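What follows is each chain in one-letter form.
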Amino acid sequence: MTTTTPALVAYGDAVRRYDPVIGIEVHVELGTRTKMFCPAEQSFGAEPNTQTTPVSLGLPGALPVVNGTAVEYAIRIGLALNCQIAESCRFARKNYFYPDVPKNFQTSQYDEPIAFDGWLDVELEDGTVHRVEIERAHMEEDAGKNTHVGGSAGRIHGAEYSLVDYNRAGVPLVEIVTRPITGAGERAPEVARAYVQALRDIFRVLDVSEARMERGNVRADVNLSLRATPEAPLGTRTETKNVNSFRSVERAVRYEVSRQAAILDAGRSVVQETRHFHEEDGSTSPGRVKSDAEDYRYFPEPDLVPVAPSRAWVEEIRATLPELPQARRRRLHDEWGFADAEMRDVVNAGALDLIEATVAAGATAAAARKWWMGELARRAKQEEAELADLAITPAQIGELQQLVDAGRINDKIARQVLDGVLAGEGDPEQVVVSRGLEIVSDDGPLLVAIDEALAAQPDVVEKVRGGNQGPVGAIIGAVMKATRGQADAKRVRELVLERIAG
Amino acid sequence: MTDLTRLSACQLSETLASGEASSVEATRAHLDRIAAVDGDVHAFLHVSADDALATAADVDARRANGEVLHPLAGVPIAVKDVVVTKGMPSTAGSKILEGWIPPYDATLVERLRAAGLPILGKTNMDEFAMGSSTEHSAYGNSHNPWDLERIPGGSGGGSAAAVAAFEAPLAIGTDTGGSIRQPGAVTGTVGVKPTYGGVSRYGLIALASSLDQAGPVTRTVLDSALLHELIGGHDPRDSTSIPEPLPPLVEAARQGALGDLSGLRVGVVTQLQGEGYQPGVLARFHESLELLTKAGAEVVEVSCPHFEYALAAYYLILPAEASSNLAKFDGMRFGLRVEPEDGPVTAERVMAATRGAGFGDEVKRRIILGTYALSAGYYDAYYGSAQKVRTLIQRDFADAFAQADVLVSPTAPTTAFKLGEKLDDPLAMYLNDVATIPANLAGVPGISVPSGLSDDGLPAGFQILAPAKADDRLYRVGAALEAALESTWGGPLLDRAPTLG
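Residues numbered from 1 in each chain as written. Chains lettered and ligands numbered in written order. Predicted model: local features only at pLDDT ≥ 70, side-chain atom pairs only at ≥ 80, totals over all residues.

Glancing now at the overall build of chain A. Within chain A, the regular secondary structure consists of 16 helices and 14 strands. A globule of 502 residues ought to have a C-alpha radius of gyration of about 23 Å, yet chain A, at 31 Å, is considerably larger. Once the C-alpha set of chain A is aligned to its principal axes, its extents read approximately 100 × 55 × 50 Å. When contacts within chain A are restricted to residue pairs at least 6 apart in sequence, long-range pairs at least 24 apart make up 69% of them. (Helix = DSSP H or I, 4+ residues; strand = E, 2+ residues; numbered from the N terminus. Rg over C-alpha atoms; globule rule 2.2 N^0.38 Å. Contact = placed C-beta atoms within 7 Å.)

Attention now goes to the sheet that holds strand β14 (residues 299-300) of chain A. Residues and elements named next belong to chain A. Spatially, β4-β3-β14 is the arrangement adopted by the three strands of the open sheet, whose pairing is antiparallel. Where the open sheet ends on each side, the last strands, each with one partner, are β4 (105-108) and β14. Bridge count between strand β3 (residues 92-95) and β14: two bridges; the pairing is antiparallel. Bridging from a neighbouring strand, alanine 92 pairs with proline 300 of β14. (Pairing = 2+ DSSP bridges.)

What follows is about the UniProt feature "domain: Amidase" (unreviewed entry) in chain B. Under the local residue numbering, the UniProt record ascribes the feature "domain: Amidase" (unreviewed entry) to residues 25-474 of chain B. Between the C-alpha atoms that bound residues 25-474 of chain B there is a distance of 33 Å. The span itself is 38% helix and 13% strand. (UniProt positions renumbered as here; feature names shortened; annotations may be inferred.)

Hydrogen bonding along the main chain pairs the strands of a sheet, whether they run parallel or antiparallel. Residues and elements named next belong to chain B. As summarised here, the arrangement of the eleven strands in space is β1-β3-β2-β4-β6-β5-β10-β11-β9-β7-β8, forming an open sheet in which the pairing is mixed. The sheet is open, and its two borders are formed by β1 (44-47) and β8 (298-302), each paired with just one other strand. Neighbour to neighbour, the strand axes of the sheet diverge by 25° on average, direction disregarded. As defined by bridge partners, strand β5 (residues 190-193) adjoins strand β6 (residues 214-218) across two bridges and the pair is classed as antiparallel. Opposite valine 190, over in β6, you have threonine 218 as the bridge partner. On the sheet, helix α16 (residues 471-489) packs against β5, β9 (406-410), β10 (446-453) and β11 (459-465) and is oriented at approximately 10° with respect to β10. (Axes fitted to C-alpha atoms, helices over the stretch in contact; angles between N-to-C directions.)

Below, the discussion takes up the nonpolar core. Taken as a class, soluble globular proteins show a tendency for nonpolar side chains to be buried jointly. By size, the foremost hydrophobic cluster in this structure holds 244 residues, and its most contacted members are A:Ala74 and B:Ile77. Look past the residues within four positions of A:Ala74 in its chain and what remains in contact with it is A:Ile114, A:Ala115, A:Ala137, A:Met139 and A:Val174. If you look at the next biggest cluster of nonpolar residues, it comprises 25 residues, including A:Leu354, A:Ala368, A:Leu376 and A:Val431. (Core = buried A, V, L, I, M, F, W, Y, C linked by C-beta atoms within 7 Å. Buried ≥ 20, exposed ≤ 12 C-beta atoms within 10 Å, placed from the backbone.)

Looking now at the pairing of β8(B). Residues and elements named next belong to chain B. Bridging between strand β7 (residues 265-269) and β8 involves five bridges; their strand directions are parallel. Within the sheet, the bridge partner assigned to glycine 267 lies in β8 and is valine 300. For the crossover from β7 across helix α9 (residues 279-294) to β8, the handedness is right-handed. (Right-handed = clockwise from strand over helix to strand, strands pointing away.)

Contacts between chain A and chain B engage 25 residues on the former and 33 residues on the latter. Residues of the side of chain A that touches chain B, tallied by class, amount to 16 nonpolar, four polar and five charged. (Nonpolar A, V, L, I, M, F, W, Y, C, P; charged D, E, K, R; others polar.)

We now examine unusual backbone geometry. With the exception of glycine, most residues fall at negative phi, and the peptide bonds are largely trans. Residues B:Gly154 and B:Ser155 are joined by a peptide bond in cis, for which omega reads 10°. Structurally, the position occupied by B:Ser155 is in the loop between β3 (119-123) and α5 (157-164). Phi is positive for A:Ala211, close to 55°, though the residue is something other than glycine. Along the chain, A:Ala211 falls in the loop between α3 (188-206) and β10 (218-227). One non-glycine residue, B:Ala129, adopts positive backbone phi at about 70°. As for its position among the elements, B:Ala129 is in the loop between β3 and α5.

Side chains three or four residues apart in an α-helix point the same way, a direct result of the helix having 3.6 residues per turn. Of all eleven residues that make up helix α7 (residues 221-231) of chain B, eleven are buried, and the element is covered over most of its length. Three or more residues of α7(B) are buried, namely B:Val221, B:Leu222, B:Asp223, B:Ser224, B:Ala225, B:Leu226, B:Leu227, B:His228, B:Glu229, B:Leu230 and B:Ile231.

What follows covers the domain arrangement of chain A. Taken as a whole, chain A is organised into domain 1 (11-314), domain 2 (325-435) and domain 3 (443-501). Computed over C-alpha atoms only, the centres of domain 2 of chain A and domain 3 of chain A are separated by 34 Å. (Domains from an automatic or database assignment.)

All names here are of chain A. In the contact formed by helix α10 (residues 394-405) and helix α12 (residues 428-435), the axes pass within 8 Å of each other and the chain directions differ by 55°. Our classification of the angle between α10 and α12 gives oblique. The segment α10 lies against α12, with Gln396, Glu399, Leu400 and Leu403 engaging Pro428, Glu429 and Val432. In terms of residue class, the contact of α10 with α12 is built from four nonpolar, one polar and two charged. (Parallel < 35°, antiparallel > 145°, perpendicular 65-115°, else oblique.)

Our focus in this paragraph is the environment of A:Thr50. All names here are of chain A. Structurally, the position occupied by threonine 50 is in the loop between β1 (19-29) and α2 (68-80). In this structure threonine 50 comes out as exposed when scored by C-beta crowding, with 11 C-beta atoms within 10 Å. A sequence separation of 115 residues divides threonine 50 from aspartate 165, and the C-alpha atoms of the two residues are 8.9 Å apart.

Residues and elements named next belong to chain B. The sites that carry the UniProt feature "active site" (unreviewed entry) are, in the present numbering, Lys80, Ser155 and Ser179. In three dimensions, the annotated residues from a span of 100 residues occupy one location, with a maximal C-alpha spread of 10.8 Å. The contact partners of serine 155, leaving out residues within four places of it in the chain, are Met125, Asp126, Ala129, Met130, Gly131, Thr134 and Ser179. For serine 179, the location among the structural elements is in the loop between β4 (170-174) and α6 (181-187). Residue classification places serine 179 among the buried residues on the basis of 35 C-beta atoms within 10 Å. Among residues more than four places away in sequence, those in contact with serine 179 are Ala129, Gly154, Ser155, Gly156, Gly173 and Thr174.

Let us now look at the packing of helix α2 (residues 23-41) of chain B against helix α3 (residues 49-64) of chain B. Residue and element names in this part refer to chain B. α3 packs onto α2 with a crossing angle of 160° between their chain directions and a minimal axis gap of 8 Å. The angle between the axes of α2 and α3 places the two elements in the roughly antiparallel class. Crossing hand, α2 versus α3: right-handed. Residues Ser23, Val24, Thr27, Arg28 and Leu31 of α2 touch α3, and the partners they reach there are Ala49, Ala52, Leu53, Ala56, Ala57, Val59 and Asp60. (Left-handed = near helix turned anticlockwise from the far one by under 90°.)

Structure below.
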């Protein structure tokens, strides 16, 4: 296979000369118990072809029936994206032959989507807000999954044979299509990424999908075109398919900007085509050109009656929508009183939920932030893990902070307690007890240690008695060392001064 | 002892209930009859003797135990091969489904089994129900029991021929443009296309989803009512199934048989008579009308101006839907699989080779027509226009039913034509359905009742159409007409058919 890789224009140069316009189609698999059109269960990781019915296998005679929960989820998504909800809409057949599509047509929606004309404000890492207009959100069914055996890297070319798993066939999907996203300029890759990330967060909050990118619950197709100026008509676009991580979305946009700029610079025209994204190097390459690809012969699905959600139902769903991520961030920002930059860092570190839960467990927002963004962030970085993946819960951090507040341990000891919790030794209280870390508050053993220290450093005692309190720290340090840090330094100081004055 | 195969389903039901005969005896009698005559008639593609006898034995045992059974329990039935039957071949008359054994039952088959009707086997049909003669079956045509040289109608010619030849008292048909009613007309049997949504389509191998409807094929109007009540009613697995209960059909048939149609307005559709209709067929039609008048009905003439375009619209909508419905037959998951003779064995090439080898010419013709009609740039002109015509036809029906309680016409313009006569002329074949198609486009119910023998000595049919969900009117009027005609004939029309075997 020979592909001529065009020279790439450096990204910065490309966006100085051209205005990028993006368009994103996001597919989300709904987490309903059963499939879109039949009672087959759907769950991740089941044995191949065990989650099927005559309907999802496309057997002769089988008929679809719409999953009401999937419709409800689609409406939830539509409302969260500020869309209109259709009073009546139909399914349509999208006809094309492919072995992973059991009926050789996909039941989808064509000119009558369930939700349309919405928008979503997405926030970039520096707090800039960009409004993305939503053209439509429609319901459809997923295809099965092909596995190509033999040949190289699981590709169809050179494969000896292919296996099809129909467990995924018929899983409910909602496809969300944006209008052309303009005005992002050089920040187009960031906007694309932030948009997909914002959708993922919304899906989770709405509880319509697990929205796990690595499982393909959320998949994005990224359209990109360039034009000379923001006033010029839209240029020819490419559609990069199946870009399945946030980072990849960003990279795919950057790559296409650089690639298309090179083509335009050379006075050539961008070919309208679908492209594949390559995770290894962040590049894209042309997809297979299908002879009949552009004519899906859509027509209204005659096996299904129109879906007509009553206005009362739609309002009921609207009334029970949970607080959406952006509104929640604003509320927590106010409640916690963090500085803008602090809040952004918290969000970007994925610590929002953790801090909220820690506050719920009794800690102050400042203390919660201090732990998660400080010591724990450091440890997560060391282990190359996400904060949420650390073996410690917000409740445990809450408990830890309570121990500090009660004066039973100090900050330094608290770090040792963290070690114990992370090592699986139990809750902070248990670790304190089992490791014997509680601050020594009984003056008895403390006085013994102080007397020993005073006896060991008579010169210091002399100086202090002479009115110079400076060197007293040496005594305190020795006492702290002797008590392995478990003494309350303030109390030690008091006692030392009493003793010397004594 | 009476010949159990000559009884109507209702009579057989009474015979079984009284203990005069067992279901095993009745089933065996029909299997014997099939063995004796089906070599000539070829109504069956598959005979399921063991399965039928096992069901019969089970019903007999339950009856002996004093269980309350469905009135049709133990009465054998034949099922059109387009209906999916668990563990029994279901080919829809196509090579592409040869050897496929479905893992599930159609809803209507579930209901037959639950009521204890022994299933004798699967009946022949035009491939995927595309045709009016069974000549498009991949397994050879069926023959008309009245004249073995003639077609038994289609697509459900097998079911009609089986019932006309006394191989089964009951059969299931499907009607997309007349496939129950036209075979009924040309074989002297009764066939009913229920209101669209009246009988579940779950498990019917789809031809055109918005037109297909399963229904009874029987020798009497009352038998159809009994069977219709059994298989009809809401099914949550078919979204287009009507949620409301069926109107009382058996009661309507029994009441109609009393012969009083006072107050009934019968609308004669101007556009469904005259040119193209065989004189003998029209003569029997008018005699039947006379009998309805005598029974107290008032006959009015109604005009349905858009029926003229029904055939054209039908032959766009049907192929369009069929082209999509038949896409699943690709050799990937079930049925025939053909690998290309040379070159690489890719999925696309296996699909092409399988479809090339598995589909007959008429099926390919309609798939090509339908694919074209749905193509980008042609959709509005073809499929879109056809849907508009469909709306106009529905309005014609609405206007006509404002003037009449039922509409009537000859079921088919001619009696059974000779085998091979129209095989090379698809348009002539299509024209045979001109009177039955409007009902499918509008979703309204229709029945064909034998109206007598035409000048050529072959049966003709009288079609009655009613508004959607008013299927009971078909039975009331049909039973009244049947009673009046049989009293003029001195018995059922089929008594005059040749005795085969």
